[in-house]
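Single-letter residue listing:
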Amino acid sequence: MRRRAIRIDRLIAVLGVAVLVLGGVLFWLATQGAIPSLENEPVSERVLRQAREQLGPRAEVQLIEAGSGRVVCGYLAAEPRGAAVGFVSRPNRMLLSRDPLSTEFRAMLAEDCPNFPERTNLRTAP
C-alpha cells in the first residue's frame, strides 16, 4: 500500500490562499466598523486609558495641554490628589517624567509641547 503524502508546493498554495482570505476578512471587518479604532478615541479618554495601564486603576489626570499634532502633555497621579507626574502622550505610547528614559522625555517635551508649564507653576488643591 502506498502512503499518501502532502506535496510541499500544494501545502504552500493552500496556506497562501488561507492568508489572503483571512486578510480580506479582517480588512472587511475593519472597514465595517466591527474592529474598534483607536484613532477616533477622544484625547481625554486616550490619556486616562494609558495612565491606568501604566499607573493602575486609580490614576487620575490633573492637566492636559495640547501639543503638536496628536501629541498631548500634562500631569497625572497614581491616585486621587496624589503627587503629579509629567507625561507626553502619543496615540500609541505614553512616556512619564519618572521613567528611566528621562532624556527622551525631555526631548519629546521640548519638541512637542514647548509651552508646557513646570510643576512649580501649577496650582494644586490643598
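Each remark here, short or long, concerns the structure printed above.
None of the values given here were measured: they were computed from a predicted structure.

Caption draft 1: Highlighting the environment of Asn115. For Asn115, the location among the structural elements is in the segment after α3 (102-112). A relative accessible area of 67% means that Asn115 is categorised as exposed. Between the C-alpha atom of Asn115 and that of Gly67, which follows or precedes it by 48 residues, the distance is 8.6 Å.

Caption draft 2: View of the state of the cysteines. Tallied over the full model, the rule gives one disulfide. Between the sulfur atoms of Cys73 and its disulfide mate Cys113 the distance is 1.8 Å. Every disulfide takes its handedness from the sign of the S-S torsion; for Cys73 and Cys113 that torsion is 80°, giving right-handed. With Cys73 in strand β2 (residues 72-77) and Cys113 in the segment after α3, this pair connects stretches of sequence that are 40 residues apart. Under the relative-accessibility criterion, Cys73 is labelled buried at 0%.

Caption draft 3: Inspection of the packing of aromatic side chains at higher detail. Within this structure, the stated rule accounts for one aromatic pair. Ring centres of Tyr75 and Phe116 lie 5.0 Å apart, and the angle between their planes is 25°; this geometry places the pair in the stacked category. On the criterion of sequence distance, the pair formed by Tyr75 in strand β2 and Phe116 in the segment after α3 is long-range, its members being 41 residues apart. For the pair formed by Tyr75 and Phe116, the shared burial category is buried.

Criteria and cut-off values
- Residues numbered from 1 in each chain as written.
- Predicted model: local features only at pLDDT ≥ 70, side-chain atom pairs only at ≥ 80, totals over all residues.
- Heavy atoms only, no water.
- Helix = DSSP H or I, 4+ residues; strand = E, 2+ residues; numbered from the N terminus.
- Buried < 20%, exposed > 50% of the residue type's maximum accessible area, 1.4 Å probe, protein only.
- Disulfide = S-S within 2.5 Å.
- Phe/Tyr/Trp six-rings, centres within 6.5 Å; stacked < 30°, edge-to-face > 60°.

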